[in-house]
Amino acid sequence: MNTVASLWRYPVKSMMGEELRSTTVKQKGLHGDRAFALMDVETGKIVSAKNPKRWPEMFAFHARYTDLEQSNDIHITLPDGTAVNSNDNAIDSVLSSALGKKVTFLSQVPSDPQLEEYWPDIEELDNRDIVTDENMPEGTFFDLAIVHLITTSTLNELSRLYPEGRFEARRFRPNIILNTSEIGFIENSWVGKTLAIGDQAKFKVTDHCPRCVMTTLGQGDLPNDTQILRTAAEHNKAQVGVYAEVVQSGTIKCDDSVRII
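Residues numbered from 1 in each chain as written. Predicted model: local features only at pLDDT ≥ 70, side-chain atom pairs only at ≥ 80, totals over all residues. Heavy atoms only, no water.

*Asks:* I'd love a proper account of the nonpolar core, names of residues and values included.
*Replies:* Nonpolar side chains tend toward joint burial in soluble globular proteins. Ranked by size, the top nonpolar core spans 26 residues in total, and within it Val-12, Met-15, Leu-38, Met-58, Ile-76, Leu-95 and Phe-105 carry the most contacts. Ranked by residues supplied to this core, first place goes to helix H1 (residues 91–99) with three residues. If near-sequence neighbours (up to four positions away) are discounted, Met-58 is found in contact with Lys-13, Ser-14, Met-15, Met-16, Leu-38, Val-47, Ala-49 and Leu-99. Listed in part, the 23 residues of the second largest apolar core include Leu-30, Ile-146, Leu-178 and Val-246. (Core = buried A, V, L, I, M, F, W, Y, C linked by side-chain atoms within 4.5 Å. Buried < 20%, exposed > 50% of the residue type's maximum accessible area, 1.4 Å probe, protein only. Helix = DSSP H or I, 4+ residues; strand = E, 2+ residues; numbered from the N terminus. Contact = heavy atoms within 4.5 Å.)

*Asks:* Give a detailed account of empty space enclosed by the protein, specifying residues and quantitative values.
*Replies:* In total, this model carries two cavities of 30 Å³ or more according to the counting rule given. Put simply, the largest cavity is a space of about 270 Å³. Looking at the lining of the largest cavity, the elements with two or more residues in it are strand E12 (147–151) and strand E15 (201–210). Here the lining of the largest cavity is composed, by residue class, of eleven nonpolar, five polar and seven charged. Taken as a whole, the second largest cavity holds about 30 Å³ of empty space. Every residue along the wall of the second largest cavity is listed here: Asp-40, Thr-43, Lys-45, Ile-46, Ser-48, Asn-51, Trp-55 and Glu-116. Its residues assigned to classes, the lining of the second largest cavity comprises two nonpolar, three polar and three charged. (1 Å grid on protein atoms, 1.4 Å probe; cavity = no way out; pocket = protein on both sides within 12 Å on 5 of 7 lines; lining within 4 Å. Points joined across faces, edges and corners; volume = space filled by probe spheres on them. Nonpolar A, V, L, I, M, F, W, Y, C, P; charged D, E, K, R; others polar.)

*Asks:* Requested: an account of H1, with residues and values cited.
*Replies:* Considered for burial, the residues of H1 that qualify are Ile-91, Leu-95, Ser-96 and Leu-99. Buried residues along H1 cover an arc of 125 degrees about the axis, so they all sit on one side. A positive phi of about 80 degrees marks Gly-100, the residue just after H1. (Arc of directions from axis to C-beta.)

*Asks:* Lay out the pairing of strand E6 (residues 62–65) in plain terms, naming residues and giving numbers.
*Replies:* Alternating positions in E6 separate cleanly, Ala-63 and Tyr-65 being buried on one face and His-62 and Arg-64 remaining unburied on the opposite face. Pairing geometry for E6 and strand E7 (residues 74–77), over four bridges, is antiparallel. Opposite Ala-63, over in E7, you have Ile-76 as the bridge partner. (Pairing = 2+ DSSP bridges.)

*Asks:* Describe the sheet that holds strand E8 (residues 83–85), naming the residues involved and giving the relevant values.
*Replies:* Strands pair in a sheet through their backbones, by hydrogen bonds, and they do so in one of two ways: parallel or antiparallel. Strand order in the open sheet formed by three strands is E6-E7-E8, and the pairing between neighbours is antiparallel. In this open sheet, the two edge strands, each paired with only one partner strand, are E6 and E8. Neighbour-to-neighbour, the strand axes of this sheet turn through a mean angle of 20 degrees, independent of strand direction. The strands that H1 touches are E7 and E8; relative to E8, the one it contacts most, it runs at about 150 degrees. (Axes fitted to C-alpha atoms, helices over the stretch in contact; angles between N-to-C directions.)

*Asks:* Hey, could you go over the layout of surface pockets for me, with residue numbers and the actual values?
*Replies:* Of the voids in this model, the largest pocket is the one considered here, and its volume is about 510 Å³. Going through the elements one at a time, strand E3 (22–26) and strand E4 (29–30) are the ones with two or more residues in the lining of the largest pocket. Counted by class, the lining of the largest pocket contains nine nonpolar, nine polar and four charged residues. The calculated volume of the second largest pocket comes to roughly 380 Å³.

*Asks:* Account for the pattern of salt bridges, naming residues and giving values.
*Replies:* Counted according to the given criterion, the structure contains 14 salt bridges. For the salt bridge of Arg-9 with Glu-18, the shortest nitrogen-to-oxygen distance reads 2.7 Å. The class of Arg-9 is buried, set by a relative accessible area of 10%. Here Glu-18 falls in the buried class, since its relative accessible area comes to 14%. Salt-bridge contacts for Arg-34 lead to Asp-33; the nearest nitrogen and oxygen are separated by 2.9 Å. Asp-33 shares its class with Arg-34; the two are buried. Connected via shared salt-bridge partners are Arg-166, Glu-168, Arg-170 and Asp-221. (Salt bridge = Lys/Arg side-chain N within 4 Å of Asp/Glu carboxyl O.)

Structure below.
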C-alpha cells in the first residue's frame, strides 16, 4: 500500500520550510504554502534560489508560522541564527542586510510575477550556463504548479544510479513524500490520473516535475553536488516527481493511504 511518508510547506518562497504531521489542502495547495516571497528591488523580480549566482544563501534562511490558525505571522531565522518576524516594521531592512541586496517582503503577488533561473552547464538541459527570466503562475508565488509529490521509489532509483549522491527528499522541496514499494520512476505513469489521499482529498496529477539547479545546492549537512541533477537528466529527462492540482479539498496526514483512481 502507498502511504504518506512526510508533508512539507514552505511559508516563504525559496527559504527552508517546516515539516508537518497533517495539513488541510484546498485549491491553492497546502494551507500556508508559499504564501510569502521576497522581491528584488533592483530588478522587480521574485527572489529565488533558482538563481544561486545572485541569491547564494537563500537555503540558509528558515521560515515557519508562529500560529497559522490564529495569524499569518512568519518567524524567519537568518543565517547567523538571529530571527525576525513578518510583522516587524524593520523586516525589509533586516532581510536586505542579511542578503546583501535590497529586498521587499511580500504578502501580495505582483500582477506579473517573474523570477530568474540559472541553468547549469549540463549537456542534457535545454539551456546551459545562462540565466533566463521565467514567468510564474498568475496570482501565486509558485514556479509551475501548486503541489509537488515525490515517491521513495524515485529517490531509491536515483540512489541506485548514483550511489555516491545523497538523494534526500529535501533536495527536491516536495510538499508530499509518498512511501512506495515499486521500483523505478513510478510516478511518471501517474500524469493525467487522480490520487486520493486519506478520506477526502483528491489530486489530479498534471505533469512531470522538471528539475533545476536548486537540487544541486547545499543545505544544512547536504553538500553541493551537480551530479544530482546530471543523474536525473541522464536517466529521466531531468524530471523528479510530479506536479498536481487539488480537485477535492480535505485534510491529509502522515501514514494516510494513497490510492490511484
